[in-house]
Amino acid sequence: MDKFVITGGNPLIGEVSISGAKNAAVAIIPAALLSDGVCRIENIPNISDVSMIIRILHELGAGIKMINKSTIEIDARHITTTEVPYEMARRMRASYYMIGALLGRFKQARVSMPGGCDFGVRPIDQHLKGFAALGAEVSLDQGMVDAHADELVGNQIYLDVLSVGATINIMLAATKAKGLTILENAAREPHIVDLANFLNSMGADIRGAGTDVIKIRGVDHLNGTTYSIIPDQIEAGTYMAAAAATKGDVLIKNVIPKHLESITAKLLEMGVQVEEYDDSIRVSRSGDLMRCNIKTMPHPGFPTDMQPQFAVLLAMAKGTSIVTEGVWDNRFRYVEELRRMGASVQVDGKVAVFEGVEELRAAPIKATDLRAGAALMIAALAANGVTELEEIYHIDRGYEDIEEKLRALGADIRRVTMPGAAVAKAQ
Ligand SMILES: CC(=O)N[C@H]1[C@@H](OP(=O)(O)OP(=O)(O)OC[C@H]2O[C@@H](n3ccc(=O)[nH]c3=O)[C@H](O)[C@@H]2O)O[C@H](CO)[C@@H](O)[C@@H]1O
Ligand SMILES: C=C(OP(=O)(O)O)C(=O)O
């Protein structure tokens, strides 16, 4: 498997351009299954989760044309199967969107339970409740979700748990259902708005995305479309954290500053300079990092997917900081790795207390999940010495060209492919 070898200590300086959003792309690409035409999707990030979701569509019989590195055309008019096997679905979380998309288009889907980052239990009961409310019969059989209906009919659905995935999956299934679906207590993340905009550009009738009530009036047909995915909020936030961690000065281009407000607010609280422009943001630091507390929450709160990267900043900040994980049961598995680098952290359930240390030291470490991997990479960039970071396939799920982008900012980072990697990955 590949690893990164990182020599820390260089401040990141220069410009970096943000790619399309992973969590929007992995919803929008399956949504193309609902179309009766050809969908041209631009600003697709070149990451392994996107490659996998495209592969799944291809296996289902969709025509796929890569126009260039970030533009794809999907023609889903001649799908041959509605089953997504374990081998593919287990490699990523967003494979569960195939259930909503296939159910919405063909009134049937058989999809293996998804994979994704390991944060403890990741139930999908709210997704299944939504499909059932639309009239589908849903069952779980040997790890496969089986959903089918004679017809889907709009309904009023209240989510008991605020869930990004359930909100998206129900939107997908309801877009071509008969009548009106009212989804209450819906999640409000930017990628939910992006998916609604994509579906509406094909002729769907979805209103209220970005608020906690989404109204979906079913339509019979969806046209082809051309659509460009929003920039990745979390990739942008990760470079913001990296600039702050290394006492750097980075202009982060192709961002929507509004999506970064909760991240910007915490950086300012820590004494980091942040300047906002129309579609870019500059982050620089000259003084010490100051302590602060962070609690992760659904959008527009501080995103859980930025928690590990900011924890690295707090590990080096002056004073004691408290991080409360408000979304996932177990998102502190990376702390063990950070301790190996000299961080002083105590974890009690969903709360971690950081006593800031003067500096982090290089150590052999491994990525425990996607954002944990990004966070440990930031720690290595800021640390003294040479860090070897293993299991970086997690990072490749969500960050396009990460070592090239970092090297262009002055980082000393190289990818080393270890012998037997291809074999290990295939198993
Ligand atoms: C592919 C993708 O977009 N992944 C994101 C998505 O994950 P994902 O969509 O899986 O996360 P959810 O928003 O669904 O989960 C939020 C909380 O709801 C709970 N829950 C969820 C569904 C359900 O049916 N029942 C239930 O109890 C979960 O256990 C969790 O505690 O949103 C998370 C929260 O912003 C992010 O960390 C992930 O990066
Ligand atoms: C948790 C994440 O992804 P996934 O839900 O795909 O595992 C993430 O993007 O940080």
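Bear in mind that the values here come from a model prediction, so they are computed numbers and not experimental data.

Engineer: Can you help me understand the UniProt feature "domain: Enolpyruvate transferase" (unreviewed entry) in the protein in this one?
Structural biologist: In the numbering adopted here, UniProt assigns the feature "domain: Enolpyruvate transferase" (unreviewed entry) to residues 7–406. Within the segment residues 7–406, helix and strand shares are 32% and 24% respectively, and the terminal C-alpha atoms sit 12 Å apart.

Engineer: Help me understand the site of ligand 2, please; the structure alone is not making it clear to me.
Structural biologist: The local shell around ligand 2 consists of Lys-22, Asn-23, Met-92, Arg-93, Ala-94, Gly-116, Cys-117, Asp-305, Leu-370, Arg-371 and Gly-398. Sorting the residues of the shell around ligand 2 by element identifies α1 (22–31) and α12 (370–382) as the ones contributing at least two each. Counted by class, the shell around ligand 2 contains four nonpolar, three polar and four charged residues. Viewed by domain, the shell around ligand 2 spans two of them, domain 1 (1–17 + 230–415) and domain 2 (20–226), each represented by three or more residues.

Engineer: So what exactly am I meant to see when it comes to the site of ligand 1 here?
Structural biologist: The immediate surroundings of ligand 1 are formed by 20 residues, with Asn-23, Gln-126, Ser-163, Val-164 and Gly-165 found nearest. Elements represented by at least two residues in the shell around ligand 1 include exactly α1, α5 (125–133) and α6 (164–174). Broken down by class, the residue content of the shell around ligand 1 amounts to ten nonpolar, six polar and four charged. Viewed by domain, the shell around ligand 1 spans two of them, domain 1 (1–17 + 230–415) and domain 2 (20–226), each represented by three or more residues.

Engineer: Is there a simple way to explain the nonpolar core in this structure?
Structural biologist: One recurring pattern in soluble globular proteins is that nonpolar side chains are buried together. Residues Ala-31, Leu-195, Leu-313, Ile-378 and Ala-379 are the most contacted members of the largest nonpolar core, which totals 148 residues. Two domains share this core, each providing at least three of its residues, namely domain 1 (1–17 + 230–415) and domain 2 (20–226).

Engineer: Whenever I open this one, the sheet that holds strand β23 (residues 386–390) confuses me. Can you help?
Structural biologist: Strand pairing in a sheet is mediated by backbone hydrogen bonds. Such pairs are either parallel or antiparallel. Strand order across the open sheet formed by four strands is β22-β23-β1-β24, with mixed pairing between neighbours. Each edge of the sheet is formed by a strand with only one pairing partner; in this case those strands are β22 (364–366) and β24 (412–417). Averaged over neighbouring strand pairs, the angle between their axes works out to 25° when direction is ignored. In terms of strand pairing, strand β1 (residues 2–7) meets β23 through four bridges, oriented antiparallel. Within β23, the position partnered with Ile-6 by the bridge is Thr-387.

Engineer: Explain the domain arrangement of the protein to me, please; I cannot follow it from the model alone.
Structural biologist: Interface size, as often reported, equals the accessible area lost upon joining of the parts. By the assigned domains, the protein splits into domain 1 (1–17 + 230–415) and domain 2 (20–226). The distance between the C-alpha centroids of domain 1 and domain 2 comes to 30 Å. Facing 19 residues of domain 1, the contacting portion of domain 2 comprises 21 residues. When the residues that make up the side of domain 1 that touches domain 2 are grouped by side-chain class, the tally is seven nonpolar, five polar and seven charged.

Engineer: Is there a simple way to think about the sheet that holds strand β8 (residues 137–141) in this case?
Structural biologist: The sheet built from four strands is open, its strands ordered β6-β7-β9-β8 with mixed pairing. In this open sheet, the two strands that pair with only one neighbour each are β6 (83–84) and β8. Pairing of strand β7 (residues 108–112) with strand β9 (residues 144–148), which is carried by five bridges, proceeds in the antiparallel orientation. In the strand pairing of β9, Val-111 is matched with Val-145. Of the strands in this sheet, β6, β7 and β9 are in contact with helix α4 (residues 97–106), which crosses β7 at around 165°.

Engineer: Which parts of the structure should I look at to understand the packing of helix α8 (residues 233–245) against helix α10 (residues 307–315)?
Structural biologist: When two helices pack together, you describe them by how their axes are tilted relative to each other and by the distance separating the axes. Close contact between α8 and α10 brings their axes to 9 Å; oriented N to C, the two are set at 10°. For the element pair α8 / α10, the angle class is roughly parallel. Counted together, Gly-237, Thr-238, Ala-241, Ala-244 and Ala-245 of α8 and Gln-309, Phe-310, Val-312 and Leu-313 of α10 form the full contact between these two elements.

Engineer: Just to check I follow, could you spell out the packing of α5 against α6 for this structure?
Structural biologist: For the pair α5 and α6, the least separation of the axes is 8 Å and the interaxial angle reads 25°. As judged from the angle between their axes, α5 and α6 are roughly parallel. Seen from above, α5 lies across α6 with right-handed handedness. Residue-level inspection shows Gln-126, His-127, Gly-130 and Phe-131 of α5 in contact with α6, the latter providing Gly-165, Ala-166, Asn-169, Ile-170 and Ala-173. Of the residues contributing to the contact of α5 with α6, the split by class is four nonpolar, five polar and no charged.

Engineer: Before we go on, may I ask you to explain α5 in this structure?
Structural biologist: Note on helix geometry: an α-helix contains 3.6 residues per turn, so any two residues three or four positions apart are oriented the same way. Those residues of α5 not exposed but buried are Gln-126, His-127, Gly-130, Phe-131 and Ala-133. Taken down its axis, α5 places every buried residue within 160° of arc, on the same side. If you follow the buried residues of α5, they end up packed against α4, β8, β9, β10 (156–158) and α6. Looking at the residues trailing α5, positive phi occurs at Gly-135, about 105°.

Engineer: Can you walk me through the UniProt feature "modified residue: 2-(S-cysteinyl)pyruvic acid O-phosphothioketal" (unreviewed entry) in the protein in this structure?
Structural biologist: The UniProt entry lists Cys-117 under the feature "modified residue: 2-(S-cysteinyl)pyruvic acid O-phosphothioketal" (unreviewed entry), expressed in the numbering used here. Among all residues touching Cys-117, those that are not within four sequence positions of it are Asp-369 and Leu-370.

Thresholds applied
Residues numbered from 1 in each chain as written. Chains lettered and ligands numbered in written order. Predicted model: local features only at pLDDT ≥ 70, side-chain atom pairs only at ≥ 80, totals over all residues. UniProt positions renumbered as here; feature names shortened; annotations may be inferred. Helix = DSSP H or I, 4+ residues; strand = E, 2+ residues; numbered from the N terminus. Near = placed C-beta within 6 Å. Nonpolar A, V, L, I, M, F, W, Y, C, P; charged D, E, K, R; others polar. Domains from an automatic or database assignment. Core = buried A, V, L, I, M, F, W, Y, C linked by C-beta atoms within 7 Å. Buried ≥ 20, exposed ≤ 12 C-beta atoms within 10 Å, placed from the backbone. Pairing = 2+ DSSP bridges. Axes fitted to C-alpha atoms, helices over the stretch in contact; angles between N-to-C directions. Contact = placed C-beta atoms within 7 Å. Parallel < 35°, antiparallel > 145°, perpendicular 65-115°, else oblique. Left-handed = near helix turned anticlockwise from the far one by under 90°. Arc of directions from axis to C-beta.

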